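Examining the three-dimensional arrangement
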Amino acid sequence: MQEPIAHPLKISRELVRGHRLHFVAIALLALLSTAGMLVLPITVAALVEALQEGGELVSPAVTLVAVGAGSAIFSALSSYLLAKRGQQLLHRLRIQTMTHALELPLRDVRREGAGNLSARLTADAMHVKSAIDIGPVQLPTAAVTVAGTLVIMGVLDWVLLLVTLASFLVAGGIVAGVTIALRRTYFAMQTELGDMVQRFVAVLEALPTVKACRAQRQVAGGLAESARRAAVLGTATARMESLVIPAITLSQQIALVSVLLGGGARLATGDLTIAEFAAFLLYLLQLTAPLVMAASGLGTLQAGLAARERFNELFAMPTETGGEPAEGAVDVEDLAPAVRFERVTFAYDEQPVLCEVGFTVPRRGMTAMVGLSGSGKSTVLALTERFVLPDEGRVEVLGWDTSTWPLHELRGRLAYVDQGCTLLRDTVRGNLTLGCAEPISDERLMEVLAEVGLADVILALPQRLDTVVGGESDMSGGQRQRLALARAIVADARVVLLDEPSSHLDSVNEQRLRDAVDRIARDRAVLVVAHRISTVQHADHVIVMDDGRVVAEGVHDVLVDDCPEYARLVRGQMVKAALPAVV
Ligand SMILES: Nc1ncnc2c1ncn2[C@@H]1O[C@H](COP(=O)(O)OP(=O)(O)OP(=O)(O)O)[C@@H](O)[C@H]1O
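A few points on the structure. As the structure is a computational prediction, the values presented were derived from the model and not from experiment.

Notes on the overall build of the protein chain
Counting its secondary structure elements, the protein chain contains 21 helices and twelve strands. By the compact-globule yardstick of 25 Å for 583 residues, the protein chain is too spread out, its C-alpha radius of gyration being 35 Å. Along the longest, intermediate and shortest principal axes, the C-alpha atoms of the protein chain span 115 × 50 × 45 Å. Burial status across the protein chain gives 34% buried among its 583 residues. The long-range fraction of contacts in the protein chain, counting pairs at least 24 apart against all pairs at least 6 apart in sequence, stands at 80%.

Examining the site of the ligand
If you check the shell around the ligand, you find Tyr-348, Gln-351, Val-353, Gly-371, Ser-373, Gly-374, Ser-375, Gly-376, Lys-377, Ser-378 and Thr-379 and nothing else. For the shell around the ligand, the elements supplying multiple residues, two or more each, are strand E2 (351-361) and helix H12 (377-384).

Quick word on the packing of helix H3 (residues 58-103) against helix H5 (residues 114-134)
With their axes 10 Å apart at the nearest point, H3 and H5 run at an angle of 155° to one another. When the interaxial angle is binned, H3 and H5 end up roughly antiparallel. Crossing of H3 over H5 shows right-handed handedness. Packed against H3, whose contacting residues are Leu-82, Ala-83, Gly-86, Leu-89, Leu-90, Leu-93, Arg-94, Thr-97 and Ala-101, the element H5 presents Leu-117, Arg-120, Leu-121, Ala-125, Val-128, Lys-129, Ile-132 and Asp-133 at the interface. For the contact of H3 with H5, the class distribution of residues is eleven nonpolar, two polar and four charged.

Remarks on the pairing of strand E1 (residues 339-348)
Two elements, E1 and E2, share seven bridges in a ladder whose sense is antiparallel. Within E2, the position partnered with Val-339 by the bridge is Val-361. In this antiparallel pair of consecutive strands, E1 and E2, the connection spans two residues, and Asp-349 shows a positive phi of 50°. Pairing of E1 with strand E4 (residues 392-397) involves five bridges; the strand directions are antiparallel. Counted as the bridge partner of Thr-345 is Glu-392 from E4.

Thoughts on unusual backbone geometry
Leaving glycine out, the prevailing phi sign among residues is negative, and the prevailing peptide bond configuration is trans. We note that Glu-356 has phi near 50°; this positive angle belongs to a residue other than glycine. If you trace the backbone, Glu-356 turns up in strand E2. The backbone of Arg-464 sits at a positive phi, close to 45°, despite the residue not being glycine. When you line up the elements, Arg-464 lands in the loop between helix H16 (455-459) and strand E8 (468-469). What makes Arg-464 partly exposed here is the crowd of 15 C-beta atoms within 10 Å.

What to know about the sheet that holds strand E5 (residues 400-401)
The strand order across the open sheet formed by four strands is E2-E1-E4-E5, and the pairing between neighbours is antiparallel. What marks the edges here is a single partner per strand, and that holds for E2 and E5. In this sheet, E5 lies alongside E4 in antiparallel orientation, the contact comprising two bridges. Looking at E5, one finds that Glu-396 is bridged to Asp-401.

Conventions used here
Residues numbered from 1 in each chain as written. Predicted model: local features only at pLDDT ≥ 70, side-chain atom pairs only at ≥ 80, totals over all residues. Helix = DSSP H or I, 4+ residues; strand = E, 2+ residues; numbered from the N terminus. Rg over C-alpha atoms; globule rule 2.2 N^0.38 Å. Buried ≥ 20, exposed ≤ 12 C-beta atoms within 10 Å, placed from the backbone. Contact = placed C-beta atoms within 7 Å. Near = placed C-beta within 6 Å. Axes fitted to C-alpha atoms, helices over the stretch in contact; angles between N-to-C directions. Parallel < 35°, antiparallel > 145°, perpendicular 65-115°, else oblique. Left-handed = near helix turned anticlockwise from the far one by under 90°. Nonpolar A, V, L, I, M, F, W, Y, C, P; charged D, E, K, R; others polar. Pairing = 2+ DSSP bridges.

Structure representation (C-alpha cells):
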C-alpha cells in the first residue's frame, strides 16, 4: 500500500475548509499583531528622540502603549480563534478515526491492535493539535516578523544587516538539518509508542492470567523493553532539538558583539545616528524570539505531520466491502438452506485452516458442529458472518452468495453469539437491542429475558434494564451467556450462530440454556459450535470437523457408531462430563 504523506498545505487546507471567514479573521488579527511588534521599536525610537530633544512626550508615549497593548490583544485573539478551529478539526479527525476503525475488516483491526488504534486518538491527536496551533498562523507570523525586521534593519543600516546575517548563517544550517531529520524520527517514535500501548493493552486484557502465573515482573520486563526503544528514539529526537536554541542564541550573541563593534565605528564616522543605532539594536534583540519560535515551531510541525501520516496510513486501509448495494430488499429464497458451504478453502495468511469444506444447515432446527480444538469450527462461523472471505469455494446464507450480498443485509439476517459472550459496557437494554433499528418495548425485553431464565436476575439489579453491565465482575459467565443469547432472540434473525463457550455450566444453568436454544431453534436455524455433549445429543443434525475438513454428518446415535472421530470426541466429552462442573 502506498504510504500517503501528510503535507503542511494539506493540514492548512483542512483547517480552512468551510471556515474561510473565520480563518481570514485569524490571519488579519495575526497580521495586525505582527505589524504592531514591528512598529514598536520605531515608537520607542520616537520617544527616545523626543526625550533627547526635550519635545512633547505624551503622544509618543501613548502611541507606544497603544501599539504594544493592541499587538498583544490581537495576538491573544488570533491564538484563541485558531485553537478553537484546531479543536474542531481534531474532533472531526477523532470521529473519522473511530468510524473508520469500526468499519475495517476484523483481521486488520487485530493486526493493527486496539492499543495502537487508541494511541491515534490521544498522543497522535495531540501532536496534530500542536502542529495546528503552530503551523498555519504562528509559523508564517514568525517568518513575516523575521523578514520585516530584517528589511527595517537593512533600511536603518545595510552594512550592519550584512554583519547580522553572516552571524546567523551557521544557526540557519543547523536548524534546516535538524528539521529535515526530525520528521522520520518523530514517525518512528510515534509508531513505537503506539506499539508499546498496544502491548500494554494486551497485557491488561490478560491480567488475571498474568497475576495467576505470578508473571507481572516477567511481563513488565517485556513492556520495559518496548518503553526503552521509545525512550531511545525520544532521546535521539531531544538530542537534535537541543541543538536549535543554543545555535540561535550563540549566533545572536556573535551578531550583538559584531554589531556593537561595527556600529561603534559607523557612529564615529557619522554614518549612523544614536537613535538609528538604538533602534537597530532593539530590532536585533527582537529577532531572537521569532527565530526561536520558527525553529521550535518547525519541530512541532514535523511531529504533527508525522502523526498525521499515521492517521493517513489508517484511513488508507480499505474498509469492509460487501457486494453491491441491493436494489430494494433482498428477496430471500424461502426454500434455500440457512447456510451452505460449497468446497470452501481458507487460510489465515499462509496457514491453511479449511480444505474443501462442504455442508448444509437446514432452515429450521439445531445443527451442531463438533471437532477437536483448532479443527476450524469458529472459522466456519467467521466465514458465514463474512468476517473473512473464502480463498476458494462459495458460502451461501439463505440461498445468497455472501460475497455478493450487501454486508448490512447479510448481517441483519444473522445473529452471532461469540465464544466470549461479549457484552458491551452499556445498559442491559443497550446490550439487548444492539443493532436493532426499531425500539423494542420493555415488555418484549422482559419476555425474552424470562425465556433465557434471566428475568429475576435483571429485576434484582438496581436500575433493572437501565443498569450498566459488561464490567469485569458484574455478571457470572452463565448469566453473560444467557444475556448474549437473549440478544440473539431480540434480534429476531433467521439464522443464529452460536459459538458455545468451552467452560462448563452448572447443570441448572446448562438446562436453562439448552431449553432456550431449543425454543429458538423451533422456527429458525441455529448453527452451534458445540463443546458440550448435551448440546450435541439434542441437535437435529451434527457436522463433524477434523483438521479443517468435514469428515461426517448425521445424527448423534448414528455417528457414535459410524464415525470414529465423533465416537472419540464423545468418549472424551463424557469423561469430562463425569467430572465435577466448573463454573
Ligand atoms: N485470527 C487468526 N489468525 C491466524 N490464525 C488463526 C486465527 N484464528 C484462528 N486461527 C487458526 O485457525 C485454526 C482454526 O481455528 P478455529 O478457531 O477455527 O478452531 P476451532 O475448531 O474453533 O477451535 P476451538 O474449538 O479451540 O475454538 C487454528 O489452527 C488457529 O490457530
